[in-house]
Amino acid sequence: MRALPWAVLVLAIVSGLAFLMLAVLAFNQQFFDLDHSAYDLARSGLYPELKPLMQALSWIGSGYVLAPLSVVAYVLLRRHGHRAARYVPVMLVGAFVVFALAKWIVARPRPKLSPYGFPSAHTFGAVVFFGGVIYALWTIEMRPIWRWAGTLAMLLLIVGVAVSRLYLRSHWLSDVLGGVTGGTAYLLFCLMAVDPRLRPSR
């Protein structure tokens, strides 16, 4: 367990640096070859039967869903007396401020030329919320089978939201990667501030 805080810190720093690198490239209106390859793949792989699923996954990653779910998470954590409960509202507002500010500063168009593409807010929000749920699952008493099942479900939702944003051609791949790296860094730094067990000892 002594290695866990250092692993969390390293992952947070690496994710934060990756986010900053992607943000600088996006600010300079630069794209990776993978951006265009992913976009072309999304255009060529449009299957009508998948569209409702992708729209549903994208909707799950929207503020219309994540905000009410955050209220539910707050209530449940309060009932369990969890130390992180009182920080949920602040983390939610902070996440919105971070990705909204990044979108405003970078101001890179989306594939369909609508504004403010970087980072993908849906992906950022999904990483923060569902990643937070994973943290809660591992800090609340429950049977291991439910803990592992819940963790897998949350990871699948994060991946599903990210893929849906590409499939619907709402973002470039680098926008989605920005959401993943930025959301991961934000979540981990918040968790280290909330939970002393996740902070490396001097």
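Preceding this paragraph is the structure being described.
First, a word on scope: everything that follows refers to the structure included in this document.

Reading the values: rules and limits
- Residues numbered from 1 in each chain as written.
- Predicted model: local features only at pLDDT ≥ 70, side-chain atom pairs only at ≥ 80, totals over all residues.
- Heavy atoms only, no water.
- Helix = DSSP H or I, 4+ residues; strand = E, 2+ residues; numbered from the N terminus.
- Buried < 20%, exposed > 50% of the residue type's maximum accessible area, 1.4 Å probe, protein only.
- Phe/Tyr/Trp six-rings, centres within 6.5 Å; stacked < 30°, edge-to-face > 60°.
- Salt bridge = Lys/Arg side-chain N within 4 Å of Asp/Glu carboxyl O.
- Lys, Arg positive; Asp, Glu negative; His and termini not counted.
- Polar contact = N/O pair within 3.5 Å; in protein donor to acceptor, adjacent residues only side chain to side chain.
- Contact = heavy atoms within 4.5 Å.
- Axes fitted to C-alpha atoms, helices over the stretch in contact; angles between N-to-C directions.
- Parallel < 35°, antiparallel > 145°, perpendicular 65-115°, else oblique.
- Left-handed = near helix turned anticlockwise from the far one by under 90°.
- Nonpolar A, V, L, I, M, F, W, Y, C, P; charged D, E, K, R; others polar.
- Core = buried A, V, L, I, M, F, W, Y, C linked by side-chain atoms within 4.5 Å.
- Patch = residues over 30% accessible without salt bridge, like charges linked within 9 Å, V, L, I, M, F, W, Y side chains within 5 Å.
- Areas by Shrake-Rupley, 256 points an atom, 1.4 Å probe, with all protein chains shown as cover.

Notes on the environment of P109
Relative to the helices and strands, P109 resides in the loop between α5 (88–106) and α6 (121–137). Assessed through its relative accessible area of 32%, P109 is described here as partly exposed. Here the alpha-carbon distance between P109 and W172, two residues 63 residues apart in the chain, equals 9.3 Å.

Comments concerning the packing of aromatic side chains
Taken as a whole, this structure holds eight aromatic pairs when the rule is applied. A centroid spacing of 5.5 Å and a plane angle of 75° characterise the contact between F96 and F99, whose relative ring orientation is edge-to-face. Here F96 pairs with F99, and both are found in helix α5, just three residues apart, close to one helical turn. The class for F99 is buried, based on a relative accessible area of 15%. Between W138 and W148, the ring centres sit 4.9 Å apart and the planes meet at 90°, which makes this aromatic pair edge-to-face. Highlighted residues: W138 in the loop between α6 and α7 (144–167) and W148 in helix α7, separated in sequence by 10 residues. W138 sits in the partly exposed class, given a relative accessible area of 40%.

Section: the pattern of salt bridges
Tallied over the full model, the rule gives three salt bridges. Linked by salt bridges that have partners in common, R83, D195 and R197 make up one network.

Side note on the side chain of R110
By the secondary structure assignment, R110 is in the loop between α5 and α6. Here R110 sits buried without a salt bridge, and the closest side chain of opposite charge, D175, lies 6.9 Å off (N-O distance). Here S170 takes part through its backbone oxygen, which lies 3.4 Å from a polar atom of the side chain of R110. The contact partners of R110, leaving out residues within four places of it in the chain, are K103, P115, Y116, G117, R165, S170, H171 and W172.

Observations concerning the packing of α5 against α6
For the pair α5 and α6, the least separation of the axes is 10 Å and the interaxial angle reads 155°. Accordingly, the angle class assigned to the pair α5 and α6 is roughly antiparallel. In the packing of α5 onto α6, the handedness of the crossing is right-handed. Of the residues in α6, those touching α5 at A95, V98, F99 and K103 are A121, F124 and V128. Residue classes in the contact of α5 with α6 are distributed as six nonpolar, no polar and one charged.

Examining the side chain of D35
As for its placement among the helices and strands, D35 is situated in helix α2 (residues 33–44). Buried within the structure, D35 lacks any salt-bridge partner; R108 is the closest side chain of opposite charge, at an N-O distance of 4.6 Å. Within the local environment of D35, its side chain forms a polar contact with the backbone nitrogen of S174, the two atoms lying 2.7 Å apart. If we skip the residues at most four places from it in the chain, D35 touches W172, L173 and S174.

A word on the nonpolar core
Core analysis: the largest hydrophobic core is formed by 18 residues, its most contacted members being F124, Y186 and L198. Elements with a minimum of two residues in this core: α1 (3–27), α5, α6 and α8 (173–194). What F124 contacts, discounting residues up to four positions off in sequence, is A95, V98, F99, G179, G182, G183 and Y186.

Quick notes on a nonpolar patch on the surface
Taken together, F27, L101, W104, I105 and Y116 make up a surface patch of nonpolar side chains, about 570 Å² in accessible area. Top contributing element to the nonpolar patch by residue count: α5, with three residues. Secondary-structure assignment places I105 in helix α5. Classification of I105 by relative accessible area gives partly exposed; the value is 44%.

Some details on unusual backbone geometry
Both trends apply: most residues other than glycine have a negative phi, and most peptide bonds are in trans. Cis rather than trans, the peptide bond between F118 and P119 has omega equal to -10°. Tracing the chain through its elements places P119 in the loop between α5 and α6. A positive phi angle is found at Q29, which is not glycine, with a value near 60°. Looking at Q29, the relative accessible area reads 37%, which means it is partly exposed.

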